[in-house]
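For reference, the chains in residue letters:
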Amino acid sequence: MTNVATTKNQFAMQDPLEQYPQPEFDKQPQSEPGLAQEMSPKPDHGEESYQGFGRLAGRKALITGADSGIGRATAIAFAREGADIVLNYLESEEKDAQEVVELIEAAGQKAVTLPGDISEESFCKTLVEQGHKALGGLDILVNVAGKQQAVEDIEDLTTEQFDQTFKTNVYALFWICKAAVPLLPPGATIINTSSIQAYQPSPNLLDYASTKSTIVAFTKSLAKQVAAKGIRANVVAPGPVWTPLQISGGQPTEKIPNLGAKLPLKRPGQPAELAPIYVLLASQESSYVTGEVYGVTGGNPLP
Ligand code: NAD
Ligand code: MG
């Protein structure tokens, strides 16, 4: 197995089953939130492959969870499409984040780092205000950060974990959107990140799956609310994706070797396969799309 899950040209026609690594993988446990740098194979965030076409020229984006996984792939793609970016992540992820900063700057765009814990209301407000100031505006908000820790039995699911999962995945979304909406101009876009878990919850992801279905309802409601302001809001709902979230407790360690194996496409997705959807939903190309949920699931379709 190659050690980097990379494809040189993600736009060339090819067999999607063969495009990226298939199971089995090493168990490679890390502690939460984990680092992409230490994964094997390293996830493909489009570093070598994503090509921009100016679809976000001049745009100003705030992305949470931008250091690794889906957020990193989105940041790379947005920069290559011409956007300046504020990146949020946890302080312990600085090493991953610095790689993303280099890639954004190599694309000729501005990268502003604002690390901090979004499960704190005051930080969410500061993040939006400082991000807006640093970029001289804000017109794309992408909420990608999330917490997922598998627990088999409700008797072992602590109030502390339940609370922290909701704070990170739901309350932060509320706090960040609440602070951002008054600052967003007509044409601005909000993209929130749910999961196949919103529709097909696993028994060991009780708290997480509940937050992910809340994100769908929240975004559909918000989309109707902000439509009159010319702001659109949509959801991306991924299936299993090869990221630190999964190997740092998101799945039981023994499930990692066969992640995605039972799907029609027989492998986990790579972050690079999510980024084009975020670009589409951020850009004016999706001008008539709002309140929608876009599945990227490897063949386990949304209802
Ligand atoms: P990831 O680990 O690369 O990204 C998650 C990020 O969340 C972390 O990098 C971290 O920066 C951020 N985060 C967590 N707690 C935080 C906090 N309190 N404050 C600030 N930031 C915090 O993994 P990923 O898979 O790319 O996850 C991104 C999103 O995709 C999550 O919302 C996740 O639920 C969702 N998702 C992932 C999968 C998957 O299989 N990987 C599937 C469906 C949905
Ligand atoms: Mg990370």
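The preceding data block contains the structure.
So, how was this worked out
- Residues numbered from 1 in each chain as written.
- Chains lettered and ligands numbered in written order.
- Predicted model: local features only at pLDDT ≥ 70, side-chain atom pairs only at ≥ 80, totals over all residues.
- Heavy atoms only, no water.
- Buried < 20%, exposed > 50% of the residue type's maximum accessible area, 1.4 Å probe, protein only.
- Helix = DSSP H or I, 4+ residues; strand = E, 2+ residues; numbered from the N terminus.
- Pairing = 2+ DSSP bridges.
- Right-handed = clockwise from strand over helix to strand, strands pointing away.
- Near = heavy atom within 4 Å.
- Polar contact = N/O pair within 3.5 Å; in protein donor to acceptor, adjacent residues only side chain to side chain.
- Nonpolar A, V, L, I, M, F, W, Y, C, P; charged D, E, K, R; others polar.
- Axes fitted to C-alpha atoms, helices over the stretch in contact; angles between N-to-C directions.
- Parallel < 35°, antiparallel > 145°, perpendicular 65-115°, else oblique.
- Left-handed = near helix turned anticlockwise from the far one by under 90°.
- Contact = heavy atoms within 4.5 Å.
- Patch = residues over 30% accessible without salt bridge, like charges linked within 9 Å, V, L, I, M, F, W, Y side chains within 5 Å.
- Areas by Shrake-Rupley, 256 points an atom, 1.4 Å probe, with all protein chains shown as cover.
- Salt bridge = Lys/Arg side-chain N within 4 Å of Asp/Glu carboxyl O.
- Lys, Arg positive; Asp, Glu negative; His and termini not counted.
- Charge placed at Lys NZ, Arg CZ, Asp CG, Glu CD.
- Donors = N, O, S within 2.8 Å, 3.2 Å for Na, K, Ca; no water.

Chemist: Hey, could you run me through the pairing of strand 5 (residues 189-193) in this one?
Modeler: Of all five residues in strand 5, five are buried, a share of seventy percent or more. Burial along strand 5 is two-sided: the residues Thr189, Ile191 and Thr193 and Ile190 and Asn192 are all buried. Two strands pair when backbone bridges link them, and strand 4 (residues 140-143) and strand 5 are joined in this way by four bridges, in the parallel orientation. Bridging from a neighbouring strand, valine 142 pairs with isoleucine 191 of strand 5. In terms of handedness, the path from strand 4 via helix 4 (residues 159-180) over to strand 5 forms a crossover that is right-handed.

Chemist: Quick question: what am I supposed to make of the site of ligand 1 here?
Modeler: The local shell around ligand 1 holds 29 residues, among which Ser68, Glu93, Tyr208, Thr243 and Gln246 are the closest. In this structure, aspartate 117 approaches ligand 1 through a side-chain N or O atom, which is 2.8 Å from a nitrogen atom. Note that an oxygen atom of ligand 1 is positioned 2.7 Å from one of the backbone N or O atoms of valine 241. Elements that contribute at least two residues to the shell around ligand 1 include exactly helix 1 (69-80), helix 5 (206-226) and helix 6 (244-250). Along the lines of polarity and charge, the residues of the shell around ligand 1 split into 12 nonpolar, 13 polar and four charged.

Chemist: Please clarify how the packing of helix 1 against helix 7 (residues 275-282) should be interpreted in this entry.
Modeler: Each pair of packed helices gets described by two things: the angle between the helix axes and the distance between those axes. Where helix 1 meets helix 7, the axes come as close as 8 Å, and the angle between the chain directions of the two elements is 55 degrees. Taken as axis vectors, helix 1 and helix 7 run oblique relative to one another. In the packing of helix 1 onto helix 7, the handedness of the crossing is right-handed. Residues Ile70, Ala73, Thr74, Ala77 and Phe78 of helix 1 form the contact with helix 7, whose own contacting residues are Ala275, Tyr278, Val279 and Ala282. Across the contact of helix 1 with helix 7, the residue classes tally to eight nonpolar, one polar and no charged.

Chemist: Explain the sheet that holds strand 2 (residues 84-88) here, please?
Modeler: One key point about sheets: their strands pair by backbone hydrogen bonds, in either a parallel or an antiparallel sense. The strand order 3-2-1-4-5-6-7 describes an open sheet built from seven strands, whose pairing is parallel. Single-partner strands in this sheet number two, and they are strand 3 (111-113) and strand 7 (293-296). Strand after strand, the sheet turns through a mean of 15 degrees between neighbouring axes, direction not considered. Docked against the sheet, helix 2 (residues 94-106) engages strand 2 and strand 3, running at close to 160 degrees with respect to strand 3. Packing against the sheet, helix 4 makes contact with strand 1 (60-64), strand 4 and strand 5, and its axis sits at approximately 175 degrees to strand 4.

Chemist: In this structure, what is going on with a negative patch on the surface? I would like to understand it.
Modeler: A cluster of acidic residues, Glu152, Asp153, Glu155, Asp156 and Glu254, forms a negative patch at the surface. Mapped onto the elements of the fold, aspartate 153 is located in the loop between strand 4 and helix 4. With a relative accessible area of 34%, aspartate 153 lands in the partly exposed category.

Chemist: I would appreciate a short explanation of the coordination of the magnesium ion (ligand 2) in the present structure.
Modeler: When a metal holds four donors in a tetrahedron, each ideal angle between them is 109.5 degrees; when it holds six in an octahedron, the ideal angles are 90 or 180 degrees. Of the protein atoms, only Asp67 (OD), Ser68 (OG) and Glu93 (OE) coordinate the magnesium ion (ligand 2), at distances of 2.1 to 2.2 Å. All donors to the magnesium ion (ligand 2) come from one chain, and their sequence spacing reads D-S-x24-E. You can see serine 68 sitting in the loop between strand 1 and helix 1 and its partner glutamate 93 sitting in the loop between strand 2 and helix 2, a full 25 residues away along the chain.

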